[in-house]
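# Residue-level structure breakdown
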Amino acid sequence: MVPVSVVIITKNEAAFITDCVKMASLITDDIVVIDNDSSDGTPQIATSLGCRVFQKSWSGYGANKNKGIAQARYNWILSIDADEVPDQELVDALHSLKLDNHNQVYDIRFRSYFGKKLIRFGNWGNDHHLRLFNRSLAKWSETEVHETLMLPANAEIVKIGGYLHHHSVTDIDDFNTKAIHYARLSAAKYYKAGKKATFVKLHFSAAFGFLRNYMVRLGFLDGAEGLAIARVIYKNTKLKYQYLKEFETKPGIENIYRNDLVVEQV
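Since the structure is predicted, the reported quantities are computational estimates derived from the model, not experimental observations.

Scanning the entire structure with this criterion turns up zero disulfides. This cysteine, Cys 20, is not joined by any disulfide, and Cys 51 carries the nearest cysteine sulfur, 8.1 Å off. Exposure remark for Cys 51: the relative accessible area of 7% places this residue in the buried category.

Now for the environment of Gly 50. On the secondary structure map, Gly 50 appears in the loop between α2 (42-48) and β3 (52-55). Separated by 21 residues in sequence, Gly 50 and Asp 29 place their C-alpha atoms 8.4 Å apart.

Turning next to the nonpolar core. Judged by nonpolar contacts, the single largest core of 31 residues is most densely connected at Ile 8, Leu 78 and Leu 132. Those elements that place two or more of their residues in this core are β1 (4-10), α1 (17-24), β2 (31-35), β4 (76-79), α4 (88-95), β6 (104-114) and β11 (156-169). Ranked by residues supplied to this core, first place goes to α1 with five residues. What Ile 8 contacts, discounting residues up to four positions off in sequence, is Cys 20, Val 21, Ile 31, Val 32, Val 33, Ile 34, Ile 80, Asp 81 and Ala 82.

Close contact between helix α5 (residues 172-192) and helix α7 (residues 223-249) brings their axes to 8 Å; oriented N to C, the two are set at 35°. You can see that α5 and α7 cross each other, and the crossing is right-handed. Residue composition of the contact of α5 with α7, grouped by class: 18 nonpolar, three polar and four charged.

What counts and what doesn't
- Residues numbered from 1 in each chain as written.
- Predicted model: local features only at pLDDT ≥ 70, side-chain atom pairs only at ≥ 80, totals over all residues.
- Heavy atoms only, no water.
- Disulfide = S-S within 2.5 Å.
- Buried < 20%, exposed > 50% of the residue type's maximum accessible area, 1.4 Å probe, protein only.
- Helix = DSSP H or I, 4+ residues; strand = E, 2+ residues; numbered from the N terminus.
- Core = buried A, V, L, I, M, F, W, Y, C linked by side-chain atoms within 4.5 Å.
- Contact = heavy atoms within 4.5 Å.
- Axes fitted to C-alpha atoms, helices over the stretch in contact; angles between N-to-C directions.
- Left-handed = near helix turned anticlockwise from the far one by under 90°.
- Nonpolar A, V, L, I, M, F, W, Y, C, P; charged D, E, K, R; others polar.

Below you can see the structure in the form of structure tokens.
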């Protein structure tokens, strides 16, 4: 086993967590699950697979990931979501690491799926994220959404072999639901940061995002799924700035949205 703790945050992830944990268990003997009141048996499944499960109130994506880091047995942390499955190449790559330089942070490539179809182009086609790090060096930002690792200037980013296979959405309805969810969270994040829904953002950002994803990044080569992704990204961007404009004109309403959204983990 590798001296790495795998940290997963969950809410109603029964459909995915078994595959995730089975591969994670090839990496480490310490898998930490931070659960937010799942009602579909996720904690029971995780416990039966050997995970250490902790029930924690929802404080945001980054904040709950940091709660998991605090429970980890090892200083090296592999942060993954329940719908992300390490492949054997990644498992082997992790076993080959010396992990003797705390200033290194490992960048992992993703393969994302729309239903059962692998998406090869567009925004999803060349995805990668910093996911393996030493907790003495880094922690997650505690923003409403799109949390990032906060790193010191001397951090060294290293690419690693293998992939995390991300089962992003099951179908178009699932994708639309998540688009609305993330649009509200992103708008709340922007509002808190003092960003404004300018005329250009309101009327042109969504179209620019569609063209960049579908044409420039060749999303059309993924067929019907590529078009669906581009359309939903358009919808997400448009809604994000519409919500931000609403927050600007009705101060305090963003807190209502935030309170509503903590019940849904995506």
